[in-house]
Structure formats: structure tokens, C-alpha cells
Amino acid sequence: MTDIKFGRLEDLPLREAWKHEALQFTPWLAENIEHLSEAIGVQLELTGTEVAVETFSADILARDLDGNVVLIENQLEQTDHTHLGQIMTYLAGLEAQTVIWIAPAFREPHLSAIRWLNEHTADGFSFFAVKARVVRIGDSPYAPIFEVVERPNSWERKLESAMVGNLHTLRRKYW
């Protein structure tokens, strides 16, 4: 026999850790942006929170190591069309190159939209869908977990670009 005791990892609703998106979750995420950086594999530097875009406010604005503008839109509930529209408005208004949409659950049409944007926008644009979770064991402190569920495929884009370039070269040689 062994005296080792194990607890169970418990998933909690995000609202158990953060009651209010703008007043609690956004400031926490801004102060702990390294958690998100680690999950997506891109070093982020915070540049602002609740950044004005006309009468609207983007949750978080950051820059990557190349100086590109990164828009972070977060929500405490499942994704919705309102936030997708906000993302597009902020993307244009802030001239962002990278969008990170954070939510506890993504509806399939919204994941499809992120995939479509990654496949059809110009080079230099990147779109991430990141699932946010809060877990703990027993009465331990909360632990945030960020899981990337959609990401840009830059390798695929570079390959497609090379193929199109080669096709143009072959056409010119033929004609």
C-alpha cells in the first residue's frame, strides 16, 4: 500500500475566477501576458488595455518582437458574432497584423472564420483562437490554461506563395 493521495483536476467556469470581463479578466491578462505568449509561441509586449477605436474599446493591444500590432480580444463566455464583429472593427481601426481571440469555448462557425482568415488574408496577418480554462485541485489556487485551437499556418502560406511564383515563371517560359 501507498500513502500517496491524489486529487482531481477540476475545470471551473472562467467566471468563478473573474466575475467581470473588462474589470477583472482583461487587467489580469494584461498583467500576466506571458501566459498567453507561452501558449501561442510569440513574445508579446503590452501596449495598452481598453484601447479606443472611435466609440469602441479593444480589450488589449500588444506588440510582438518584430513590432507588429497584436490585438487581443477576450471573453468569459462562448464565442459570439458580436465579438467577431468587434475583432474586425478593431483589426481595421488599429491596423493590427495579429489577432488573438480568447474564449472558454468556440462555436464551429467562429473557428471556421478564423481558419478562413488565416487562409485568405495577405501575408503578414495571423489569427489565433485560444481556449481559456481555469483549473484547480481541491482548494488549491486557480491555474489558468491557454490552449491554441486555431493558429496561422505560415509554412503552408509560404509553400502556396512559392507554388504560385513557380507557376507564373513556368507560364512566362512557355509563352
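Reference entry: report on the structure contained in this document. All values reported here derive from a predicted model rather than from experimental measurement.

Here the structure, examined in full by the defined rule, presents 3 aromatic pairs. Between Trp 18 and Phe 25, the ring centres sit 4.5 Å apart and the planes meet at 50°, which makes this aromatic pair tilted. In this structure Trp 18 comes out as buried when scored by relative accessible area, which is 9%. A relative accessible area of 0% means that Phe 25 is categorised as buried. Centroid distance Trp 101 to Phe 106: 5.6 Å. Interplanar angle 80°. Geometry classified as edge-to-face. When its relative accessible area of 15% is taken as the criterion, Phe 106 is described as buried. An aromatic cluster is built from Trp 18, Phe 25 and Trp 28, whose rings are joined through pairwise contacts.

What follows covers the pattern of salt bridges. Applying the stated criterion across every chain yields a total of 6 salt bridges. A salt bridge links Glu 16 to Arg 136; its shortest N-O distance comes to 3.9 Å. Of this pair, Glu 16 sits in helix α1 (residues 14-17) while Arg 136 sits in strand β6 (residues 126-137); the two residues are 120 residues apart in sequence, bridging distant segments of the chain. Judged by relative accessible area, Glu 16 falls into the partly exposed class, the value being 30%. The shortest N-O distance in the salt bridge between Glu 108 and Arg 115 comes to 2.5 Å. Judged by relative accessible area, which is 45%, Glu 108 ranks as partly exposed. Where salt bridges share partners, they join Asp 11, Arg 133 and Glu 147 into one cluster.

The rules behind these values
- Each chain has its residues counted from 1, following the order in which its sequence is written.
- Restriction of local features to residues with pLDDT of at least 70 applies here, the model being predicted, together with a cutoff of 80 or more for giving and counting side-chain atom pairs; totals for whole chains, interfaces and linings are based on all residues.
- With hydrogens and water set aside, each side-chain value is computed from the structure's full complement of heavy atoms.
- Note on aromatic contacts: the rings of Phe and Tyr and the six-membered ring of Trp form a pair at centre separations within 6.5 Å, being stacked when their planes are under 30 degrees apart, edge-to-face when over 60 apart, and tilted otherwise.
- Relative accessibility under 20% of the residue-type maximum defines a buried residue, over 50% an exposed one, and the middle range a partly exposed one, all with a 1.4 Å probe and only protein chains included.
- The term salt bridge refers to a pairing of a side-chain nitrogen on Lys or Arg with a carboxyl oxygen on Asp or Glu at a separation within 4 Å.
- Each helix corresponds to a stretch of at least 4 residues labelled H or I by DSSP, and each strand to a stretch of at least 2 residues labelled E; elements are numbered beginning at the N terminus.

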